[in-house]
Amino acid sequence: MGPGPVAGRLGWFTVLVLVVDSSTPAVIAALVQVTAAGVEVRAQRCAVDARAHGELLAPQVDAVLAEVGVRPSALGAIVAGLGPGPFTGLRVGLVTAATMGQALGVPTYGVCSLDAVGFPAAAGEPVLAAIDARRREIYWAVYDGAGQRIVGPEVSAPSVAAARARDLAVVAAVGDGAHRYAATLELPVGDEPRYPMPVALAQLAAERIAAGAPGEPLTPLYLRRPDAVVAAGRKSVLP
Amino acid sequence: MADEPLVLGIETSCDETGVGVVRGHTLLADALASSVEEHARFGGVVPEVASRAHLEAIVPTMNRALTEAGVTLADVDAIAVTSGPGLAGALLVGVAAAKGYAVAADKPVYGVNHLAAHVAVDTLEHGPLPEPAIALLVSGGHSSLLLVDDLAQGVTPLGATIDDAAGEAFDKVARLLGLPFPGGPYIDREAHAGDPAAIAFPRGLTAAKDLAAHRYDFSFSGLKTAVARWVERRQRAGEPIPVADVAASFQEAVCDVLIGKALDACRSSGVQTLVIGGGVAANSRLRAMAEQRAAKYDIRVRTPRPKLCTDNGAMVAALGSHLVAAGVAPSRLDLPADSAMPLTTVSVTGEE
Ligand SMILES: [Zn+2]
């Protein structure tokens, strides 16, 4: 990740950045420092609990700030994983980032959460990153040898992802969805990362942070429509 | 008064995204975004659609509320949020938002009960609530009768619907009559031209045998079915449906039961104040009937203006302001959204 235009001009800068991601069972909060030299993680919390995103995230944000000993007003930007992920949990991270950004008057930047799994796993050959999507499906994307996403994000049965991966000469899979459906994917599964990596989320936004780019609305990558049935005709109550 | 608490209230328990600002008992702002139109074609609120709308609406709604009140987040003393009861996913957006603001601005957060907030909102209109009071809360999601001993500490549930909520019955009957969703305002409008005594629809749980076990409970499912049967018989006979008469007679049956039971609760507990809240409290017949019948017993009816009866952020801020003034401890940052929050919990305090 090269320095952005502002960094290039100034030669030096330091931005304290809050990173959150709640798109997977791993509820993530991290405080990172973005400088011309790169991204350094100062503090991070990760708790794996698919049912307690709402309870866990805010105390974790509080904890990383306390650990580094900075007040929220010291933050220069907020980065949030946009998913894809199960809707209810995913929204916790996005609303936390959006409200804090509003309250502090700092820009918010979104990163596809799968990228924070696929990008750090890149090692010269294409990889598949997969996160469990429940309902026997996975959220997935394919990355080239340099960690650039080339297909996805999509949600589908693991067999569909497996077929696409074969076409793209993918050599390995990562992510909790890859662990769960290893047999169907028929790919060697890397141990890590299993969930989005906070450092990668920050790296993937570092150029925007360094450039002081305008903040973005944090639009979730739901990939699925809400379950809702249009009201049908009324049933008769008379025999 | 400048030393009265300045409190923000956030409401997302159903389909309204509300942010209110209150100082003491004074309403400074009441910003609202509604996803009601997105639900109309489904004939009811779709939880995931509501949750998505809350996420999109919360930041702009907060902006509008702060601008309208002429305050900043740094000025407020506390942030109150509906933490239950309601739709789980929808509540979670508001609770997470409240925590985001609380952490960023270093403010205490109060997770409060939606129903207690419906009672508290009346203080914005009529000042401090005499305690004890009886509260009748009627909307599309709830129908409850409660004894309010101490709004800061606890309320005692007396009764509730055993099937449909009152507002739900309005929605279903409206649909039956070909009126739009949500049905309440349309039934109300039609009923003005109708005869409330035209059709004798049943009054649920008012027979002597029901009163023994369900003196303060409600049931609207039988009424809804009775209306459906009556309408269908007409349709099958090829006769036109007198929409205004059906609406008026149905509305009369609902109000008769609600007010009858609420006043019974007041008289049997010697309480002189009846507060009515919730979306159905906007119904013109309910308001008129309550005034009329309560006058006979010297009971004072307090009903906030219709805009404050439906779900909004001001009601949450009103309760929050009351809690801060009463010295109640705030919630912790691990405050959960509790879709089944009991009525006995007015706010989730961080103390053990
Ligand atoms: Zn309500």
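Residues numbered from 1 in each chain as written. Chains lettered and ligands numbered in written order. Predicted model: local features only at pLDDT ≥ 70, side-chain atom pairs only at ≥ 80, totals over all residues. Heavy atoms only, no water.

## Concerning the side chain of Gln33(A)
All names here are of chain A.
Stage number 1. The residue Gln 33 is located in strand E2 (residues 26–35) in this model.
Stage number 2. Of the polar contacts made by the side chain of Gln 33, one reaches the side chain of Arg 42; its length is 2.6 Å.
Stage number 3. Residues within four places of Gln 33 in sequence aside, it is in contact with Thr 14, Val 15, Leu 16, Gly 38, Val 39, Glu 40 and Arg 42. (Helix = DSSP H or I, 4+ residues; strand = E, 2+ residues; numbered from the N terminus. Polar contact = N/O pair within 3.5 Å; in protein donor to acceptor, adjacent residues only side chain to side chain. Contact = heavy atoms within 4.5 Å.)

## Notes on the sheet that holds strand E1 (residues 14–21) of chain A
Residues and elements named next belong to chain A.
Stage number 1. If you walk across this open sheet you meet the five strands as E3-E2-E1-E4-E5, and the pairing is mixed. Only two strands of the sheet have a single neighbouring strand rather than two, namely strand E3 (38–48) and strand E5 (108–111). Pairwise comparison of adjacent strand axes, ignoring direction, gives a mean angle of 20° for this sheet.
Stage number 2. Relative to E2, E1 is paired through eight bridges, and the arrangement is antiparallel. Residue pairing across strands places Val 20 opposite Ala 29, the latter belonging to E2.
Stage number 3. Lying over the sheet, helix H3 (residues 87–104) contacts E1, strand E4 (77–81) and E5, oriented at roughly 165° with respect to E4.
Stage number 4. Along the sheet face, helix H8 (residues 198–211) touches E1, E2, E3, E4 and E5 and points at about 125° away from the line of E5. (Pairing = 2+ DSSP bridges. Axes fitted to C-alpha atoms, helices over the stretch in contact; angles between N-to-C directions.)

## A closer look at the domain arrangement of chain B
All names here are of chain B.
Stage number 1. Looking at chain B, the domain boundaries give domain 1 (6–121 + 312–325) and domain 2 (130–304).
Stage number 2. Summarising the inter-unit geometry, the C-alpha centres of domain 1 and domain 2 are found 27 Å apart.
Stage number 3. Domain 1 puts 16 residues into the contact, and the matching count from domain 2 is 15 residues.
Stage number 4. Counting the surface lost from both domain 1 and domain 2, the interface buries some 1200 Å², and carbon and sulfur atoms represent 81% of this.
Stage number 5. Looking only at domain 1, the three residues that lose the most surface to domain 2 are Leu 115, His 118 and Val 119, adding up to 43% of its buried area.
Stage number 6. Summed over the shared surface of domain 1 and domain 2, the number is zero salt bridges.
Stage number 7. Our count for the domain 1 to domain 2 interface comes out at one residue pair in polar contact (both at pLDDT 80 or more).
Stage number 8. At the level of secondary structure, the elements contributing two or more residues to the side of domain 1 that touches domain 2 comprise helix H1 (36–40), helix H4 (114–120) and helix H13 (313–325).
Stage number 9. No other element matches the six residues that H4 contributes to the side of domain 1 that touches domain 2. (Domains from an automatic or database assignment. Buried area = accessible area lost by both parts, 1.4 Å probe. Salt bridge = Lys/Arg side-chain N within 4 Å of Asp/Glu carboxyl O.)

## Quick look at the sheet that holds strand E3 (residues 26–34) of chain B
Residues and elements named next belong to chain B.
Stage number 1. Spatially, six strands are ordered E3-E2-E1-E4-E5-E11 in an open sheet, and the strand pairing comes out mixed. Of all strands in the sheet, those bounded by a partner on one side alone are E3 and strand E11 (347–348).
Stage number 2. Taken strand by strand, helix H2 (residues 47–69) contacts strand E1 (6–11), strand E2 (16–23) and E3, and its axis lies near 155° from that of E3.
Stage number 3. Contacts from helix H3 (residues 88–105) reach E1, strand E4 (78–84) and strand E5 (109–113), with the element oriented near 160° to E4.

## Remarks on the coordination of the zinc ion
Residues and elements named next belong to chain B.
Stage number 1. Taken together, the protein donors to the zinc ion comprise His 114 (NE2), His 118 (NE2), His 142 (NE2) and Asp 311 (OD), at separations of 2.1 to 2.6 Å.
Stage number 2. Every donor counted, the four donor atoms about the zinc ion form angles of 88 to 163° at the centre, which fits irregular coordination.
Stage number 3. Coordination of the zinc ion draws on donor residues from a single chain, spaced H-x3-H-x23-H-x168-D in sequence. Here His 118 is found in helix H4, whereas its partner His 142 is found in the loop between strand E6 (133–138) and strand E7 (143–150), with 24 residues between them in sequence. (Donors = N, O, S within 2.8 Å, 3.2 Å for Na, K, Ca; no water. Tetrahedral: all angles 85-135°; square planar, octahedral: opposite > 155°, others 65-115°.)

## Some words on the environment of Ser347(B)
Residues and elements named next belong to chain B.
Stage number 1. Following the sequence through the fold, Ser 347 ends up in strand E11.
Stage number 2. Along the backbone, Ser 347 and Pro 5 are 342 residues apart, and their C-alpha atoms lie at a distance of 17 Å.
Stage number 3. Residues in contact with Ser 347, not counting those within four places in the same chain, are Gly 111, Val 112, Leu 323 and Val 328.

## Let's talk about the pairing of E5(B)
All names here are of chain B.
Stage number 1. Taking burial as the measure, the five residues of E5 include five buried ones, the bulk of the element.
Stage number 2. Here E5 shows two buried faces, one formed by Val 109, Gly 111 and Asn 113 and the other by Tyr 110 and Val 112.
Stage number 3. Pairing between E4 and E5: five bridges, direction parallel. Bridge pairing in E5 places Val 81 opposite Gly 111. (Buried < 20%, exposed > 50% of the residue type's maximum accessible area, 1.4 Å probe, protein only.)

## Digging into the pairing of E4(B)
The two faces of the sheet receive side chains in turn, since in a regular strand these alternate between them.
All names here are of chain B.
Stage number 1. Judged by how many residues are buried, E4 sits mostly within the fold: seven of seven residues are covered.
Stage number 2. As paired elements, E1 and E4 share four bridges and run parallel to each other. Within E4, the residue paired with Ile 10 across the bridge is Val 81.

## Describing the interface of chain A and chain B
Size of an interface: often given as the accessible area lost when the parts come together.
Stage number 1. Listed by partner, the interface residues are 39 residues for chain A and 37 residues for chain B.
Stage number 2. Together chain A and chain B conceal approximately 3100 Å² of surface at their shared face, both sides included; 67% is due to carbon and sulfur atoms.
Stage number 3. Viewed at the interface, chain B and chain A are joined by two salt bridges.
Stage number 4. Inspection of the chain A/chain B interface yields seven residue pairs in polar contact (both at pLDDT 80 or more).
Stage number 5. Of all the secondary-structure elements, those providing two or more residues to the side of chain A that touches chain B are helix H2 (53–68) and H3 of chain A.
Stage number 6. Per-element tally for the side of chain A that touches chain B: the top contributor is H3(A), with 13 residues.
Stage number 7. For the side of chain A that touches chain B, the residue count by class is 24 nonpolar, six polar and nine charged. (Nonpolar A, V, L, I, M, F, W, Y, C, P; charged D, E, K, R; others polar.)

## Side note on the packing of aromatic side chains
Stage number 1. Scanning all chains against the criterion turns up three aromatic pairs over all chains.
Stage number 2. Ring geometry for Phe170(B) against Phe250(B): centres 5.1 Å apart, planes inclined by 75°, an arrangement best described as edge-to-face. Here Phe250(B) lies in helix H10 (residues 243–268) and Phe170(B) lies in helix H6 (residues 166–176), a separation of 80 residues in the sequence.
Stage number 3. Assessed through its relative accessible area of 2%, Phe170(B) is described here as buried.
Stage number 4. Relative accessible area serves as the criterion here: at 0%, Phe250(B) is assigned to the buried category.
Stage number 5. Relative to Phe220(B), the ring of Phe218(B) lies with its centre 6.1 Å away and its plane at 15°, an arrangement referred to as stacked. Per residue, the accessibility class of Phe218(B) equals that of Phe220(B), and both read buried.
Stage number 6. The ring centre of Phe87(A) lies 4.6 Å from the NZ or CZ of Arg52(B), which sits over that ring. (Phe/Tyr/Trp six-rings, centres within 6.5 Å; stacked < 30°, edge-to-face > 60°. Lys NZ or Arg CZ within 6 Å of the ring centre and 35° of its normal.)

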